[in-house]
Amino acid sequence: MSWLINLGASTLNRLEMFGRATLMLFGAVVAKPQPLKLIPLTIKQIHVVGVQSLLIIVVSGLFIGMVMSLQGYTILVSYGAEGSLGPMVALSLLRELGPVVTALLFAGRAGSALTAEIGLMKATEQLSSLEMMAVDPLRRVIAPRLWAGIISMPMLALIFSAVGILGGHLVGVDWLGVDSGSYWSIMQATVDWNKDVVNGIIKSVVFAFVITWIATFKGYDSIPTSEGISKATTETVVFSSLAVLGLDFILTALMFGIE
Amino acid sequence: MKSKKAELLVGVFVVLTIAAGLMLALNVANNSMSGSDDTYTLYAKFDNIGGLKVRSAVKVGGVTVGRVDNISLGNTDFTPIVTMSILSEFDQFPETSSVSILTSGLLGEQYIGFQPGFAMEGIESLGQGDYIEDTKSALVLEDLIGQFLFSSNDG
């Protein structure tokens with residue numbers, strides 16, 4: 001009997017949490033947007049969330065492109081098909097690795113920072129002081145961070161893919177001696193703008209939304225103690241990584257699964 | 001001053017993104033055959049289409065002039081019908097043209113080779129919705145080997 005009670009209680013808790021998260025989202029995004037105040041705050045947050053993640057994105061994009069090129073070359077060369085190295089690197093970056101790896105790195109680099117920042121604001125009662133001054137913390141603190149995350153992550157994913165393709169070129173063409181012309185031209189013949197690039201961007205927008213929503217909500221909803229903040233930060237990274245990987249499968253099945 | 005620096009860096013970020021997007025658009029993706037181009041539709045019946053796929057290329061002497069739009073099976077005679085969309089700038093192909101399914105390279109993908117016929121008086125050019133009568137099916141390797149074994153047994 002007691003497990004039934006536990007099950008019911010945990011289901012209710014989950015539902016309540018979803019309800020609070022949705023309320024927070026609506027309070028921050030939908031209710032009475034004030035673009036004049038929002039835009040400067042958002043630009044500042046894009047600097048924190050996007051620009052400061054640029055280094056890790058560029059470096060990992062470069063190395064992932066280089067590794068894929070190296071691995072792909074050793075397999076493709078045994079079939080004499082090393083001309084297909086370009087499309088292999090480009091398609092795997094644009095369709096999967098670009099959005100997914102960027103999302104995972106973004107969750108670790110920016111998501112956790114968002115949660116910790118907002119959680120500490122709550123613990124030090126900055127959010128309550130804002131409310132005392134009749135400033136809505138949802139709109140002043142949460143909304144710019146949400147928008148900044150949703151805007152900057154797709155940009156980071158694009159940069160990741162482009163840098164990865166250049167990294168693949170570096171290893172495949174400059175080091176291993178694949179023909180540069182066939183690297184680019186077969187890539188151009190294979191990659192389709194709408195099917196591959198745009199679908200990748202759609203994926204990264206979805207991931208960005210999920211990650212920043214989870215990150216801001218976990219911070220906003222955290223227990224205002226040092227232990228609670230550390231738990232919230234961990235949960236942000238774990239939940240958003242799992243959500244990204246799960247959603248990625250669903251999106252891939254919808255986009256590329258059925259011809 | 002600090003906020004100016006942040007804005008500058010965000011500006012750099014945006015420029016970088018646009019550069020990456022442009023590189024993907026111009027260097028990586030092919031959008032020369034995207035939907036906005038003017039095309040007309042031709043049909044062809046084959047006995048066997050082999051590994052032909054939707055979006056395979058239609059080529060005249062190696063130059064891509066169109067793509068395969070749709071592949072379906074005829075209702076009465078159970079032969080595959082291939083729908084091709086050809087760029088409107090190539091609208092002077094005579095009716096006597098023939099199509100065959102070819103393979104690019106040994107392991108490459110299959111495409112439709114379009115062989116323009118002779119343009120003579122009294123022969124109209126192909127237009128929207130026409131059927132190409134003269135078709136050659138895909139080469140199926142198993143059939144070929146079978147024929148070879150059959151003929152070598154004979155001799």
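Residues numbered from 1 in each chain as written. Chains lettered and ligands numbered in written order. Predicted model: local features only at pLDDT ≥ 70, side-chain atom pairs only at ≥ 80, totals over all residues.

Observations concerning the sheet that holds strand 4 (residues 80-87) of chain B
For sheets, the rule is that strands pair by backbone hydrogen bonds, running either parallel or antiparallel.
Residues and elements named next belong to chain B.
Here is step 1 of the chain: The mixed open sheet is built from eight strands, whose spatial order is 7-1-4-3-2-6-5-8. Edge strands, defined here as strands with exactly one partner in the open sheet, are strand 7 (130-132) and strand 8 (134-136). Mean inter-strand twist for the sheet, computed between neighbouring axes without regard to direction, equals 30 degrees.
Here is step 2 of the chain: Where strand 2 (residues 57-60) and strand 6 (residues 110-115) come together, two bridges link them in parallel fashion. Counted as the bridge partner of Val58 is Ile112 from strand 6. (Pairing = 2+ DSSP bridges. Helix = DSSP H or I, 4+ residues; strand = E, 2+ residues; numbered from the N terminus. Axes fitted to C-alpha atoms, helices over the stretch in contact; angles between N-to-C directions.)

Examining the domain arrangement of chain B
Here is step 1 of the chain: By domain assignment, chain B separates into domain 1 (1-31) and domain 2 (39-139).
Here is step 2 of the chain: A straight line from the C-alpha centre of domain 1 of chain B to that of domain 2 of chain B covers 43 Å. (Domains from an automatic or database assignment.)

Quick look at unusual backbone geometry
Here is step 1 of the chain: Despite not being glycine, Glu125(A) has its phi angle at roughly 60 degrees, a positive value.
Here is step 2 of the chain: Mapped onto the fold, Glu125(A) is located in the loop between helix 4 (85-123) and helix 5 (126-132).
Here is step 3 of the chain: On the neighbour-count criterion, Glu125(A) (12 C-beta atoms within 10 Å) is exposed.
Here is step 4 of the chain: Its identity as a non-glycine residue notwithstanding, Phe78(B) has a phi of 55 degrees, on the positive side.
Here is step 5 of the chain: A residue is classified by how many C-beta atoms lie within 10 Å of it, and Phe78(B), with 7 of them, is exposed. (Buried ≥ 20, exposed ≤ 12 C-beta atoms within 10 Å, placed from the backbone.)

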